[in-house]
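Overview (structure and organization)
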Amino acid sequence: MTLEGIDGSGKTTLQKALGVYLSDLNPVITCEPGSTWIGEAVRRAIREHADPVAEALLFIADHAAHLREIIRPALSEGRLVLSDRYVDSRLVYQQVTLDGILPDPLSWLRAVHEGWTIMPDLTILLTVPVQVALERTGKRESGEHFEQESVLTRVHENYMDLVDEDPARFLIIDGTMPPDHILRVAGETIRFRYNESKKKIKRKKN
Ligand code: TYD
């Protein structure tokens, strides 16, 4: 299961709280970009304003390492996995950064992931107005190129297009609601979906 949203939507805070709220399920808490040397290379590419294609390919390389080192082993043990950002982040952010560079960034991004990635059962999308997100990230004073108003507005629209394509995979939560309310809605939905998927696996085995 994954958490998505524009910068400043509150995913990272929510993920930390979920780790505690769902601790009885012993979840694997992880994120993209990850903590391997490839994840470090991604952060460097962001910092140093690397070529957009190079940057996109590094995010994808980071995803491959993430799948191999964390996601696949955890899923094969039947663990609950909670990733702060995942494939959708590429589909929505790199669709913007590759606009004008590739003829059809979304199709390209999908094609590069095809055949080896694993799509999440559930994606929690935290939505906040771009102005609110900017005020929040402004406080953090990071000046990443992804955090500009025009970029975040398009990223938000891209997320909503993904929801339109596959509404059953998404739970949209208003990120301006009180944090304990967001935590309960997200936590109980994840718990329910996880228990359902365990039941399904059990039925298949019998
Ligand atoms: P992240 O570390 O999640 O930052 P934050 O905690 O501020 O959300 O991600 C760093 C930036 O990288 C963020 O602006 C989103 C962007 N990003 C992409 O553009 N593509 C991707 O595939 C991922 C995982 C992140």
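Below you will find a few notes about this structure. (Residues numbered from 1 in each chain as written. Predicted model: local features only at pLDDT ≥ 70, side-chain atom pairs only at ≥ 80, totals over all residues. Heavy atoms only, no water.)

**A closer look at the packing of aromatic side chains**
In plain terms, the rule: Only the six-membered ring of Trp is used, alongside the rings of Phe and Tyr, when aromatic pairs are assigned; centres must lie within 6.5 Å, and planes under 30 degrees apart are stacked while those over 60 apart are edge-to-face, with the rest tilted. Secondary structure elements follow DSSP: runs of H or I of four or more residues count as helices, runs of E of two or more count as strands, with numbering from the N terminus. Think of it in three bands: residues with accessible area under 20% of the maximum for their type are buried, residues over 50% are exposed, and the middle band is partly exposed, with areas taken using a 1.4 Å probe on protein chains only.
If you walk through the whole model with that rule in mind, you get two aromatic pairs. Ring geometry for Tyr 93 against Phe 146: centres 5.5 Å apart, planes inclined by 90°, an arrangement best described as edge-to-face. A residue pair is termed long-range when its members are at least 10 positions apart, and Tyr 93 in helix 4 (residues 87-97) and Phe 146 in the loop between helix 6 (130-140) and helix 7 (149-165) qualify at 53 residues. We note that Tyr 93, like Phe 146, is buried. Taken together, the aromatic side chains of Phe 59, Tyr 93 and Phe 146 make up a single cluster linked through ring pairs.

**Quick look at the nonpolar core**
Condition: For this analysis, a nonpolar core means a set of buried residues of the types Ala, Val, Leu, Ile, Met, Phe, Trp, Tyr and Cys, connected via side-chain atoms within 4.5 Å. What makes two residues a contact is simply this: any of their non-hydrogen atoms within 4.5 Å.
Ile 6, Leu 91, Val 92, Tyr 93, Val 155 and Tyr 159 are the most contacted members of the largest nonpolar core, which totals 33 residues. Mapped by element, the contributors of at least two residues to this core are helix 2 (37-47), helix 3 (52-76), helix 4, helix 5 (105-113), helix 6 and helix 7. Beyond its immediate stretch of four places on either side in the chain, Leu 91 contacts Leu 106, Leu 109, Arg 110 and Leu 162. Listed in part, the 17 residues of the second largest apolar core include Leu 18, Ile 173, Ile 182 and Leu 183.

**Looking at the pairing of strand 3 (residues 81-84)**
Note the cut-off: Two strands qualify as a pair provided that DSSP identifies no fewer than 2 bridges between them.
Taking every second residue as pointing to the same face, both faces of strand 3 are buried, with Val 81 and Ser 83 on one and Leu 82 and Asp 84 on the other. Alignment of strand 1 (residues 2-4) against strand 3, held across two bridges, turns out to be parallel. Across the sheet, Thr 2 pairs through a bridge with Ser 83, a residue of strand 3. Pairing of strand 2 (residues 28-31) with strand 3 involves four bridges; the strand directions are parallel. Bridge pairing in strand 3 links Cys 31 to Asp 84.

By themselves, these observations are geometric and do not establish any function.
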